[in-house]
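So the chains spell out like this:
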Amino acid sequence: QVYAHNFFHRLEFEYTAGHPAARPTSPFWIVVLSLVVNLFHDPILAAKLLGSIFLFLTGYYAFRLLRTVKLDYASSLLGGVLIITATALAWSELSGLESMLSTALVVGGLWWHFGRPNKVSRGFQSFVTGAIFALATLTRPEIAIILFVLVLWQGMANEDKSVANALLMLLGFMVILAPV
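All figures in this text were calculated on a predicted structure; none of them were measured in a lab.

Caption draft 1: Structural detail: the overall build of the chain. Counting its secondary structure elements, the chain contains nine helices and zero strands. Taken from N to C terminus, the helices and strands of the chain fall in the order α-α-α-α-α-α-α-α-α. Counting every position in the chain, which comprises 180 residues, the buried fraction comes to 42%. Taking all contacts inside the chain whose residues are at least 6 apart in sequence as the whole, residues at least 24 apart take part in 58%. A total accessible area of about 10000 Å² is found for the chain, and carbon and sulfur atoms account for 71% of it.

Now the structure itself:
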C-alpha cells in the first residue's frame, strides 16, 4: 500500500520517497490499488474492496469458462459459486494482496481465449489473450509460464493460421510488457 501511495503521487515505484529500492513484483496491482486508494482514502478498505471485486470476477469467468467447455448451466453455476466460496480464495480476497487480481486475469484470459467471443477474428482474439496474460504477468511474474504453454498449444493446434495466431499472442504480450 505504501508503493501504491507513492506511485499515485510521484509515478515512481519507491517504498521510501527519494530512496530507490528493488522494484515490486506486482506493478500492475500497485497501479490499480493506487487509483482505488486515492478514491477512498483508506488503503485497507480499497484493498479489500478490490479483492472482493476480483473474487467475483474470478467466479464469473470460471462460470463462463465452464459453459465454454459445454457443461450444463447448473453445473457451471455451481462451479462459479464454489470458486467464490472457497476458503483459500476468501483469505486471498481479504489479504489485500494481488492474488485475486492475478487469478481473475488468468481465468478471464482463459475464457477469452477458449470462449471465442462472437464477431471477433481469431487473430484479434489471440492478440488480446496475449495482452491479458501480460497484465497478469505484471501482477504475478510466474503467470508467464501459463501463457507460454498456451502459445505452444496454439502453435500446435490443427487450425488455419495456428502459428500466426500463436505469434499474435506473443505480440500482444510484448506490446504490453515492452514499455515496462
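Caption draft 2: Structural view of the packing of aromatic side chains. Throughout the structure, instances matching the rule amount to six aromatic pairs. Pairing Tyr-60 with Tyr-61 gives two aromatic rings, centres 5.5 Å apart and planes at 55 degrees, and the pair type is tilted.

Caption draft 3: Inspection of the nonpolar core at higher detail. One finds Leu-33, Leu-50 and Phe-54 to be the most contacted residues of the largest nonpolar core, which totals 32 residues. Those elements that place two or more of their residues in this core are α2 (27-40), α3 (43-68), α6 (99-115), α7 (122-137), α8 (144-155) and α9 (162-177). Take this core: its biggest share by element is seven residues, from α6. Sequence-distant contacts of Leu-50, that is, excluding residues within four places in its chain, are made with Trp-29, Val-32, Leu-33 and Val-36.

Caption draft 4: Quick peek at the packing of α3 against helix α5 (residues 87-95). Axis separation between α3 and α5 bottoms out at 6 Å; the angle between their running directions is 145 degrees. Residues Ala-47, Lys-48, Gly-51, Ser-52 and Leu-55 of α3 pack against Leu-89, Glu-93 and Leu-94 of α5. Taken together, the residues of the contact of α3 with α5 sort by class into four nonpolar, two polar and two charged.

Caption draft 5: Up close: α7. Over its 16 residues, α7 runs 22 Å from end to end, which matches the ideal 22 Å to within 8%, given 1.5 Å per residue. In terms of burial, α7 is largely enclosed, as twelve of its 16 residues are buried. Buried within α7 we find Arg-122, Gly-123, Gln-125, Ser-126, Thr-129, Gly-130, Ala-131, Ile-132, Phe-133, Ala-134, Ala-136 and Thr-137. The elements touched by buried residues of α7 are α6, α8 and α9.

Caption draft 6: View of unusual backbone geometry. In the Ramachandran plot, His-41 falls in the positive-phi region, its phi being about 60 degrees despite a non-glycine side chain. Tracing the backbone through its elements, the reader meets His-41 in the loop between α2 and α3. Looking at His-41, the relative accessible area reads 65%, which means it is exposed.

Caption draft 7: Looking closely at the side chain of Ser-76. Assignment of secondary structure puts Ser-76 in helix α4 (residues 73-85). Beyond its immediate chain neighbours, meaning those up to four positions away, Ser-76 contacts Phe-63, Leu-66, Arg-67 and Leu-71.

Procedures and definitions
- Residues numbered from 1 in each chain as written.
- Predicted model: local features only at pLDDT ≥ 70, side-chain atom pairs only at ≥ 80, totals over all residues.
- Heavy atoms only, no water.
- Helix = DSSP H or I, 4+ residues; strand = E, 2+ residues; numbered from the N terminus.
- Buried < 20%, exposed > 50% of the residue type's maximum accessible area, 1.4 Å probe, protein only.
- Contact = heavy atoms within 4.5 Å.
- Areas by Shrake-Rupley, 256 points an atom, 1.4 Å probe, with all protein chains shown as cover.
- Phe/Tyr/Trp six-rings, centres within 6.5 Å; stacked < 30°, edge-to-face > 60°.
- Core = buried A, V, L, I, M, F, W, Y, C linked by side-chain atoms within 4.5 Å.
- Axes fitted to C-alpha atoms, helices over the stretch in contact; angles between N-to-C directions.
- Nonpolar A, V, L, I, M, F, W, Y, C, P; charged D, E, K, R; others polar.
- Expected span 1.5 Å × (residues − 1).

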